[in-house]
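Structure at a glance
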Amino acid sequence: MTANAFDLGWRLTLLSLIAISGVDTIVPDIYRFVVENRGWLSERQFTDLYAIARVAPGPNSLLVTLIGWQVAGFLGAVVATLALCGLPFILTFYVSRMWRRFEGARWRKVVQEGLAPIASGLVLGSGYILTSAADRTWTAAAITAGSMLVVLFSRVHPLLVLALAGIAGVIGLV
Amino acid sequence: MRRPGPGAADPPPSRSACAGFDRRQPTEATEACAAVTPGGLFLAFLVAGLSGFGGALVWIHRAVVLKRRWMSEVEFASALSLCQLLPGPIVVNLAVHVGARYHGFTGACAAFLGLLLAPCAVAVMLAAAYSRYGHLAVTQSMLAGTVPAAMGLLLTMGIRLAAPLRRSGEMVPVAIAAFVGVVVFRLPVVVIVLTIAPLSLLLARLRVP
């Protein structure tokens, strides 16, 4: 058990370094490792854990916590999570510190003003792709449009929107 | 005769001072944010993590920009671009970046733990329930409803991030280029950012005094 936890942890540490722009990029590699290579999980278990990570609140990278938990219990969950986030934590921390050191510098303002519009394009673009993949029915599209309108133009809490949409799903409207 | 007492005419110190809209006084804006405590960071990210059905990003945006005004839209958007270039889960990087900005290593840890602890516990409990009862029927149909709604929240955040472009029209092509890169050419994010950034930085360099 313990050996498996650290075997998984080491692999995730390596994979975390190529997980640029999110963990989704390395999900296929994680799958190959835990299902095909080590045989710790069946294909079905993996896809179910993926679904649970998506339905649970929080970052989708929770998938890794769940895999660790399935492979080696509590220790596995902790090791897997820290292995995935450890190096990115350190790297971001130092980049962030450097960023702060240049508070007020002109080049920092330039970088800030230059990077911001890229992010808005990226978010809208990935939002568009994910939405066209997710909204296969008219009701689903209506829920997307409705939640946008409600969140943009009213003070209704977005959690309430999510809850109502979840209920609509459970009673079979979607 | 109205005789205002000392300081009576001053508006109460507004938290919007943290938003960095006043570009002339960046350091004062930062001082105004000294009130951000590690506990406050932990709590903000705890709430964002626990609310983050279908992705925590929009909830971090809500907590940091819309509710607490620790960052302006532009600051948040550029931090997001930066965190997308760094390896690792984007929201984790964002938490570390925001936390470190206010309280260095302690702040980074506070935001990191706030974001992950509770969702990890919830996810493990769900997985335990699943391995005991062995079916996901309810969660699947619930996802059918929450995923489209989460998409709506994501698009809304995109619109909010794009809103500052109203004041900087010459940057609009940059946003459009990034959008086209994702939607039409389906390029990896790193490729898009590294291709567009030089041009974008050049444009920004002409803008920033």
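Everything that follows concerns the structure shown earlier in this document.
In this report, we go over the structure that sits alongside the text. (Residues numbered from 1 in each chain as written. Chains lettered and ligands numbered in written order. Predicted model: local features only at pLDDT ≥ 70, side-chain atom pairs only at ≥ 80, totals over all residues.)

Right, let's talk about the overall build of chain B for a bit. For chain B, the helix and strand inventory stands at eight helices and zero strands. When the helices and strands of chain B are listed from N to C terminus, the series reads α-α-α-α-α-α-α-α. In chain B, which comprises 209 residues, the share counted as buried stands at 53%. For chain B, contacts bridging at least 24 residues in sequence account for 57% of all contacts bridging at least 6. (Helix = DSSP H or I, 4+ residues; strand = E, 2+ residues; numbered from the N terminus. Buried ≥ 20, exposed ≤ 12 C-beta atoms within 10 Å, placed from the backbone. Contact = placed C-beta atoms within 7 Å.)

Of the residues lining the interface, 93 residues belong to chain B; the matching set on chain A comes to 85 residues. Of all the elements, helix 6 (residues 137-162) of chain B adds the most residues to the side of chain B that touches chain A, at 23 residues. Along the lines of polarity and charge, the residues of the side of chain B that touches chain A split into 68 nonpolar, 21 polar and four charged. (Nonpolar A, V, L, I, M, F, W, Y, C, P; charged D, E, K, R; others polar.)

Where helix 5 (residues 106-134) of chain A meets helix 7 (residues 172-183) of chain B, the closest approach of the two axes is 7 Å, and the angle between their N-to-C directions is 35 degrees. The two elements helix 5 of chain A and helix 7 of chain B cross, and the hand of that crossing is right-handed. Only B:V174, B:A175, B:I176, B:A177, B:A178, B:F179, B:V182 and B:V183 of helix 7 of chain B make contact with helix 5 of chain A, whose side of the interface consists of A:P117, A:I118, A:S120, A:G121, A:L122, A:L124, A:G125, A:S126, A:Y128 and A:I129. Taken together, the residues that form the contact of helix 5 of chain A with helix 7 of chain B break down as 14 nonpolar, four polar and no charged. (Axes fitted to C-alpha atoms, helices over the stretch in contact; angles between N-to-C directions. Left-handed = near helix turned anticlockwise from the far one by under 90°.)

We now examine the nonpolar core. With 121 residues, the main nonpolar core has A:L66, B:A95, B:A111, B:F112, B:L115 and B:A123 as its most contacted residues. Broken down by element, the residue count for this core peaks at 21 residues, all from helix 5 (residues 90-133) of chain B. If we ignore the near neighbours within four places in the chain, the residues touching B:A123 are A:I52, A:A53, A:A56, A:G58, A:L62, A:T65 and A:L66. (Core = buried A, V, L, I, M, F, W, Y, C linked by C-beta atoms within 7 Å.)

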